[in-house]
Amino acid sequence: MDPPTTNIHIVGNGSQGTHPIHDRWIITNDSGLRLGSSVNSIGYLRISEISEMSHSSLVSACENFDSLIHQTPLMWGDERLTFNTFTL
């Protein structure tokens, strides 16, 4: 069986290489995991967490992320945002 379609969204501040969102999430229609670190850093240099998101955390993360992606603010503070999206 083929895996489900997966959309990856990356939002960053162009010149600084920073991100307005620190957390990383794996979100489905009705559940989510919070990754306290990047996938590449888990278990490498620092202590990290992977935890199940509560329903209220999931709703809040989705609302904040959706507004950032769909309303497309061009600026975050005084930095221009860059958006990259791809589908696996």
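Residues numbered from 1 in each chain as written. Predicted model: local features only at pLDDT ≥ 70, side-chain atom pairs only at ≥ 80, totals over all residues. Heavy atoms only, no water.

### Here we look at the sheet that holds strand β3 (residues 32–35)
Quick reminder of the rule: Here a strand pair is declared whenever DSSP counts at least two bridges between the two strands. Comment: elements are numbered from the N terminus, with helices defined as DSSP H or I runs of at least four residues and strands as E runs of at least two. Only the stretch in contact is used when a helix axis is fitted, and all axes are lines through C-alpha atoms; the angle between N-to-C directions ranges over 0 to 180 degrees.
Pairing within the open sheet is antiparallel, and its three strands lie in the order β2-β3-β4. With partners counted over all chains shown, the strands left at the sheet margins are β2 (24–27) and β4 (50–52), one partner each. Averaged over all pairs of adjacent strands, the angle between their axes in this sheet comes to 20 degrees, without regard to strand direction. Pairing analysis gives three bridges linking β3 to β4, with the strands arranged antiparallel. Bridge pairing in β4 links arginine 34 to serine 51.

### With respect to the pairing of β3
With four bridges joining them, β2 and β3 adopt antiparallel strand pairing. The residue bridging isoleucine 26 from the neighbouring strand is leucine 33, located in β3. Taking the residues between adjacent antiparallel strands as the criterion, β2 and β3 are bridged by four residues.

### Some remarks on the confidence of the model for the protein
Formally: Confidence scores per residue from the predictor, reported as pLDDT, run from 0 to 100.
In this model, the protein carries a mean pLDDT of 76, and residues with pLDDT of at least 70 account for 69%. Element-level pLDDT for the protein is lowest in strand β5 (residues 75–76), with a mean of 74, against a maximum mean of 87 in β4.

### Section: the sheet that holds strand β1 (residues 7–13)
Sheet strands pair via backbone hydrogen bonds, and the direction of the pair is either parallel or antiparallel. Reading across the sheet, the three strands line up as β1-β6-β5 and stay open at both edges, with antiparallel pairing between neighbours. The open sheet has two free edges, formed respectively by β1 and β5, since each of these has just one partner strand. With two bridges connecting them, β5 and strand β6 (residues 79–87) associate as antiparallel partners. Bridge pairing in β6 links tryptophan 76 to glutamate 79.

### Looking at the side chain of serine 51
The criterion, for reference: Contact between two residues is taken to exist if any of their heavy atoms lie within 4.5 Å; hydrogens are not considered.
By secondary structure assignment, the location of serine 51 is in strand β4. Apart from residues no more than four positions distant in its own chain, serine 51 is found in contact with Gly32, Leu33 and Arg34.

### Quick look at the environment of glycine 32
Following the sequence through the fold, glycine 32 ends up in strand β3. Residues glycine 32 and serine 54, spaced 22 residues apart in sequence, show a C-alpha to C-alpha distance of 8.1 Å. Dropping the residues within four chain positions of it, glycine 32 is found in contact with Ile26, Ile27, Ser51, Glu52, Met53 and Leu58.

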